[in-house]
Amino acid sequence: HFLQLEQIGGQLSASLLHSHDTETRATMTMALAHDDIIAAGQDASCHILRFSLQAPEAKSSSGGQNGSGEKGARKRKGPSPVGQGDTQSQTSEVTVESLHSVQTDFSPDALQKAVRFNADCSLLVTGGADGFLRLWEFPSMKKTLEFKAHDGEIEDIALGPDNKVVTAGRDFQCCVWQQDQLVTGLHWNENLPGIPDKAYRYQACRFGTVEDNAGLLRLYTVQVPHKRERRPPPCYLTKWDGKSFLPLLTRPCGSEVISCLSISDSGTFLGLGTVTGSVAIHIAFSLQRLYYVKEAHGIVVTDVAFVPESQRGRELLAGNEAALLSVAVDSRCKLHLLPSRRSLPVWLLLLLCAGLIVATILLLQLAFPGFL
């Protein structure tokens, strides 16, 4: 589904522009490049699609499907798929073109589980149920490298500086790779001796910039319990140095099992979704939770994404500090707004401190006439 977000009457509203039919293939993973390219993981394959937004044209009232078998733009009835605001009638049209399709997983129950572009979108990396990491030139989609990175499924991939690749697997490992050479393995619990190595596994990994210092990177990982227990233990967030890959901070993030992770463009916020449908926003610096909605969805949250912090994105935020979109198996997309935190300017704090000092001196003078 292609939806357009816009401010209408002071509320963020969504317009359903287009539904692209993927037939019997469920899209389980996606990555975006150049603002018009989608790499969609569908079953054991990665499909490269290009979409474009066109001005509306006069259409007959009969509707239906176009010659390619795709459903055309239509007006959605009923409740909005976004949690706040109503769905409006569409104003533009989306066309979708299929560019490539390559098989990216070869296990018996083949499934592509992760896909990422590098910073300049010259490289695409995929990982799946067979534990192999595969690197593809983009846009030619020529495979340049493949190797077994994990014994079992690859849960997530993050691309860092110098084309280093971080992979999180179900084999309790989180690894940093340079091409097919292992740079280092991560050990989030090395300073937490009370937690056994195989009590937790890595669920997600993401690189994020450091606020006010775009030259630095941090890696964030999510650790979830390997086994479910009657009294579930907490999940953990860990922040790592983006160059040395040493752990900087680890904090618990609740007992609901985390299913997905996202980082805001500025690196200020982390977005989390859980298998029980809850959504949370944490501040990246301290890993403390700022926002939480219990069971915002009725079932597993499959992905979360922050509204981009571009000029257009800031217009949509309308004074809010961040906006997070969540999608889940309940076929709903919901919006989560983080209101701006009130803060006093430095000059006002200094003025208040000076006023308190003067008031204290005057009170002492009144109480003890010979004080000064």
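Calculation rules
- Residues numbered from 1 in each chain as written.
- Predicted model: local features only at pLDDT ≥ 70, side-chain atom pairs only at ≥ 80, totals over all residues.
- Heavy atoms only, no water.
- UniProt positions renumbered as here; feature names shortened; annotations may be inferred.
- Pairing = 2+ DSSP bridges.
- Helix = DSSP H or I, 4+ residues; strand = E, 2+ residues; numbered from the N terminus.
- Axes fitted to C-alpha atoms, helices over the stretch in contact; angles between N-to-C directions.
- Buried < 20%, exposed > 50% of the residue type's maximum accessible area, 1.4 Å probe, protein only.
- pLDDT = per-residue confidence, 0-100.
- Contact = heavy atoms within 4.5 Å.
- Polar contact = N/O pair within 3.5 Å; in protein donor to acceptor, adjacent residues only side chain to side chain.
- Phe/Tyr/Trp six-rings, centres within 6.5 Å; stacked < 30°, edge-to-face > 60°.
- Lys NZ or Arg CZ within 6 Å of the ring centre and 35° of its normal.
- Salt bridge = Lys/Arg side-chain N within 4 Å of Asp/Glu carboxyl O.

Within an unreviewed UniProt entry, the label attached to the chain reads Prolactin regulatory element-binding protein, and the organism entered is Dryobates pubescens. Per its UniProt entry, the chain bears the Subcellular location (unreviewed entry) comment "Endoplasmic reticulum membrane".

Moving on, we get to the sheet that holds strand β18 (residues 247–252). Across the sheet, 4 strands lie side by side as β15-β16-β17-β18; this open sheet has antiparallel pairing. Lying at the two open borders of the sheet, with one neighbouring strand each, are β15 (200–210) and β18. When strand polarity is set aside, the average angle formed by the axes of neighbouring strands in this sheet is 20°. Summarising the sheet, strand β17 (residues 236–241) and β18 pair through 5 bridges and their orientation is antiparallel.

With that settled, the discussion passes to unusual backbone geometry. A cis amide bond links Phe138 to the next residue, Pro139, at an omega of 15°. You can see Pro139 is positioned in the loop between β9 (132–137) and β10 (143–148). Within the chain, Ala318 stands out as a residue other than glycine whose phi angle is a positive 50°. Locating Ala318 in the fold gives a position in the loop between α1 (311–317) and β24 (322–328). Judged by relative accessible area, Ala318 falls into the partly exposed class, the value being 48%.

A few words on the pairing of strand β5 (residues 45–54). By the bridge criterion, 6 bridges tie strand β4 (residues 37–42) to β5 in an arrangement that is antiparallel. Among the inter-strand pairings, Ile38 is bridged to a residue of β5, identified as Leu49. Taking the residues between adjacent antiparallel strands as the criterion, β4 and β5 are bridged by 2 residues, where Asp43 takes a positive phi near 60°. By the bridge criterion, 10 bridges tie β5 to strand β6 (residues 93–103) in an arrangement that is antiparallel. Each residue of the ladder has a partner; that of Leu53, found in β6, is Val94.

Let us now look at the UniProt feature "repeat: WD" (unreviewed entry) in the chain. Mapped onto this structure's residue numbering, the UniProt feature "repeat: WD" (unreviewed entry) falls at residues 114–146. Helix makes up 0% of residues 114–146 and strand 61%. Its end C-alpha atoms lie 14 Å apart.

Read across the sheet, 3 strands follow the order β23-β24-β25 without closing on themselves; strand pairing throughout is antiparallel. The outermost strands of the open sheet, each flanked by one partner alone, are β23 (301–306) and β25 (333–338). On average, each strand axis in the sheet is inclined to that of its neighbour by 20°, with strand direction left out of account. Two elements, β24 and β25, share 6 bridges in a ladder whose sense is antiparallel. Bridging from a neighbouring strand, Ser326 pairs with Lys334 of β25.

Once that is clear, we can look at the confidence of the model for the chain. Per-residue confidence for the chain gives a mean pLDDT of 87; residues scoring 70 or more make up 88%. Taken as a whole, residues 83–90 scores under 50 in pLDDT and shows 33 contacts with residues more than four places along the chain or in a different chain.

Bringing the side chain of Glu309 into the picture now. In this fold, Glu309 is placed in the loop between β23 and α1. At a separation of 3.1 Å, a polar atom in the side chain of Glu309 contacts the main-chain amide nitrogen of Ser266. Those residues in contact with Glu309, other than ones at most four positions away along the chain, are Ser264, Asp265, Ser266 and Arg314.

So, on to the packing of aromatic side chains. Throughout the structure, instances matching the rule amount to 7 aromatic pairs. Ring geometry for Phe207 versus Phe245: centroids 6.4 Å apart, planes at 75°, classification edge-to-face. You can see Phe207 sitting in strand β15 and its partner Phe245 sitting in the loop between β17 and β18, a full 38 residues away along the chain. Using a relative accessible area of 6% as the deciding quantity, one classes Phe245 as buried. Among the aromatic residues, ring-to-ring pairing joins Trp188, Tyr200 and Tyr236 into one connected group. Of note, Arg289 hangs over the ring of Tyr292, and the distance from its end group to the ring centre comes to 4.2 Å.

Further remarks concern the pairing of β10. Of the strand pairs in this sheet, β9 and β10 are connected by 5 bridges, and their pairing is antiparallel. Bridged to Trp136 within β10 is Lys143. What sits between β9 and β10 in their antiparallel hairpin is a turn of 5 residues, with Met141 showing a positive phi close to 60°.

This part covers the pattern of salt bridges. Pairing is possible between side chains of opposite charge, provided their charged atoms come close. Tallied over the entire structure, the rule returns 14 salt bridges. When the shortest N-O distance is used, the salt bridge between Lys143 and Glu146 registers 3.5 Å. What makes Lys143 partly exposed here is its relative accessible area of 35%.

Now for the environment of Leu159. As for its placement among the helices and strands, Leu159 is situated in strand β11 (residues 154–159). We classify Leu159 as buried; its relative accessible area is 18%. Spatially, the C-alpha atoms of Leu159 and Phe117 are 7.6 Å apart, while their sequence positions differ by 42 residues. In this structure Leu159 touches Arg116, Phe117, Asn118, Val125, Lys164, Val165 and Phe207, once residues within four positions along its chain are discounted.

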